[in-house]
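As a plain string of letters, each chain reads:
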Amino acid sequence: MRFAELAGKRVAVWGFGREGHAALAALQLRLPGQPVTLFCNDAEAPYGLAVHPAVRVVVESPGAAALSNHDVVIKSPGIAAYRQEILEAQHNGTHFTSGTALWFAENPGARVIAVTGTKGKSTVSALVAHLLRALGRRVALAGNIGLPLLELLDPAAPPDWWVVELSSFQTREAGPLAVALVNNVYEEHLDWHGTRERYVADKLALAACARTLVVNARQDELVTRTSAHAGRRLFGDARGWHVDGDAIARGGARVFELARSPLPGAHNALNACAALAAVEAAGEDAVAAAPAIASFRPLPHRLQALGAREGIDYVDDSIATTPQATLEALASLGGRAVTVLVGGHDRGLDWHAFADAVHRTPPRAIVTMGANGARIAALLRETGGAYALSSAPTLAEAFALARAVTPPGGVVLLSPGAPSFDQFKDYAERGCAFARLAGFDPAAIGRIEGLGIA
């Protein structure tokens, strides 16, 4: 569905975060004067802002009846597509779309490399864009990484490539893709998708849109479930882009020495392989692009070394919203005396694998916090391990406990393995709060570089 098809229809925008802002702005640009209902919660409501007279603001979550009073609802990604009120409204004839779907409908000829995965998708997306730009290509970097596609709806000069990060909330909304990359799949977002099976199915829906599909050879589930795709390529095995000891290799040829990479950890070495595989799948010279990995600037809140205070190092990995991500963060700091802060908004994820892993390879200490902190702590006490364990309700209290038990030369690691919504707006706000507690200027943490068209 394109914007022109919305003319004269009863249209609503549901959600007024950045995606909702972009959708409403695009509507007003393409269809000036079009009546629109804006459904938003109190925190999102445009209090004090000038709103076009054609926009009716409703500060409440709509039920099935309110949704059914509209022909089309442009839904923000964070609103689950499987909610009962949505299913009822769809049955009543309401069509649901999104900013992502509208952008793809408006840009059917765009050359798109789409990146998804439970973890690492932002780093891989940004690195793909960086590598393509190193080859002299004009590249747009947008999507779930922090810039809604609709904010780049009508560029003055179209880019050579669009690199688009898509969350599992958006993968069913994509249009035709030159390349789709599925970095990995772990259990996540069960509160949105309902079940792990539906989460994986929604992620892999991206494959049907792609001429070439790139997947992680180290994940048997991904390899099995994508085996029928005629254009599939793998990374992470010896035939393609993979890690060979202390280097990234393409087949039997060592291409890039990992000592030159600014990205810490074995998982980031594999992320670099994924990015190179995507560049190659797009028909570009990935071998020529590989040296540019050395000049890539890592994204904030992703194993970001903030510095030291009184002999203790502080590392911000606030982006870690699954237990698996926390284990990868701990592995990257192997050999250090690490106190890790875990816990946050409870999505019902299983922490048994985490408990087993820290039992085998214990950090110095674990401090649980937040809404699921007590549940995690109970499991860790049951499993046992050679580490100190304590709990606190808030990040500030957990931080004080962590600092007290970490010796000089040790590391306090924020890698919660859970979302931030129990205490913070998002992972970035949580990371900034951690930096402030550690005595660092949150403004110096930095922003994601390379967003937009360059």
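Note that the structure is a prediction, hence the values are computed from the model and not measured.

## Digging into helix 3 (residues 84-91)
Of all the positions in helix 3, only Glu85, Ile86 and Ala89 are classed as buried. Summarising the axial view, the buried residues of helix 3 lie within an arc of 100 degrees, below the 170-degree limit, and thus occupy one face. The secondary structure elements touched by the buried residues of helix 3 are strand 1 (11-14), helix 2 (64-68), strand 4 (72-75) and strand 5 (95-97). Taken from the residues just after helix 3, glycine 93 is the one with a positive phi, measuring 105 degrees.

## What to know about the packing of helix 11 (residues 323-332) against helix 12 (residues 352-360)
Two elements in contact, helix 11 and helix 12, have axes whose closest approach is 9 Å; the angle formed by their N-to-C orientations is 20 degrees. In terms of their interaxial angle, helix 11 and helix 12 are classed as roughly parallel. Once helix 11 is placed against helix 12, the crossing between them reads as left-handed. Where helix 11 abuts helix 12, its residues Pro323, Thr326, Leu327 and Leu330 lie against Ala353, Phe354, Ala357 and Val358. Here the contact of helix 11 with helix 12 is built from residues that sort into seven nonpolar, one polar and no charged.

## Considerations on the pattern of salt bridges
Enumeration over the complete set of coordinates arrives at 22 salt bridges. Its salt-bridge partner being arginine 250, residue glutamate 280 comes within 2.9 Å of it at the nearest N-O pair. Of the two residues, glutamate 280 sits in helix 9 (residues 266-281) while arginine 250 sits in strand 13 (residues 247-250), which places them 30 residues apart along the sequence. By relative accessible area, glutamate 280 is classed as partly exposed at 21%. With its nearest N and O atoms 2.7 Å apart, the salt bridge here joins arginine 297 to glutamate 449. Of this pair, arginine 297 sits in the loop between helix 10 (286-289) and strand 15 (304-309) while glutamate 449 is found in the loop between helix 15 (427-438) and strand 21 (452-453), placing the two residues 152 residues apart along the sequence. Residue arginine 297 is classed as partly exposed on the basis of its relative accessible area, which comes to 45%.

## Digging into the nonpolar core
Core analysis: the biggest nonpolar cluster contains 48 residues, and Leu27, Trp103, Val112, Trp162 and Leu177 have the highest contact counts within it. The leading source of residues in this core is helix 1 (residues 18-30), at five residues. Counting 42 residues, the second largest nonpolar core, distinct from the first, contains Val115, Ala126, Val214 and Phe256.

## Some remarks on the pairing of strand 8 (residues 161-165)
Within strand 8, five of the five residues are buried, leaving the element largely enclosed by the surrounding structure. Across the two faces of strand 8 the burial is the same, with Trp161, Val163 and Glu165 and Trp162 and Val164 all buried. Pairing of strand 6 (residues 112-116) with strand 8, which is carried by four bridges, proceeds in the parallel orientation. If you follow valine 112 over to strand 8, its bridge partner there is tryptophan 162. Note: strand 7 (residues 139-143) against strand 8, five bridges, orientation parallel. The residue bridging alanine 140 from the neighbouring strand is tryptophan 162, located in strand 8.

## Description of the side chain of glutamine 34
Note that glutamine 34 resides in the loop between helix 1 and strand 2 (36-40). Within the structure, the side chain of glutamine 34 is placed 2.8 Å from the backbone oxygen of lysine 9, a separation counted as a polar contact. Those residues within four positions of glutamine 34 in sequence are excluded, and the remaining contacts are Leu6, Ala7, Gly8, Lys9, Val11 and Ala54.

Parameters and conventions
- Residues numbered from 1 in each chain as written.
- Predicted model: local features only at pLDDT ≥ 70, side-chain atom pairs only at ≥ 80, totals over all residues.
- Heavy atoms only, no water.
- Buried < 20%, exposed > 50% of the residue type's maximum accessible area, 1.4 Å probe, protein only.
- Helix = DSSP H or I, 4+ residues; strand = E, 2+ residues; numbered from the N terminus.
- Arc of directions from axis to C-beta.
- Contact = heavy atoms within 4.5 Å.
- Axes fitted to C-alpha atoms, helices over the stretch in contact; angles between N-to-C directions.
- Parallel < 35°, antiparallel > 145°, perpendicular 65-115°, else oblique.
- Left-handed = near helix turned anticlockwise from the far one by under 90°.
- Nonpolar A, V, L, I, M, F, W, Y, C, P; charged D, E, K, R; others polar.
- Salt bridge = Lys/Arg side-chain N within 4 Å of Asp/Glu carboxyl O.
- Core = buried A, V, L, I, M, F, W, Y, C linked by side-chain atoms within 4.5 Å.
- Pairing = 2+ DSSP bridges.
- Polar contact = N/O pair within 3.5 Å; in protein donor to acceptor, adjacent residues only side chain to side chain.

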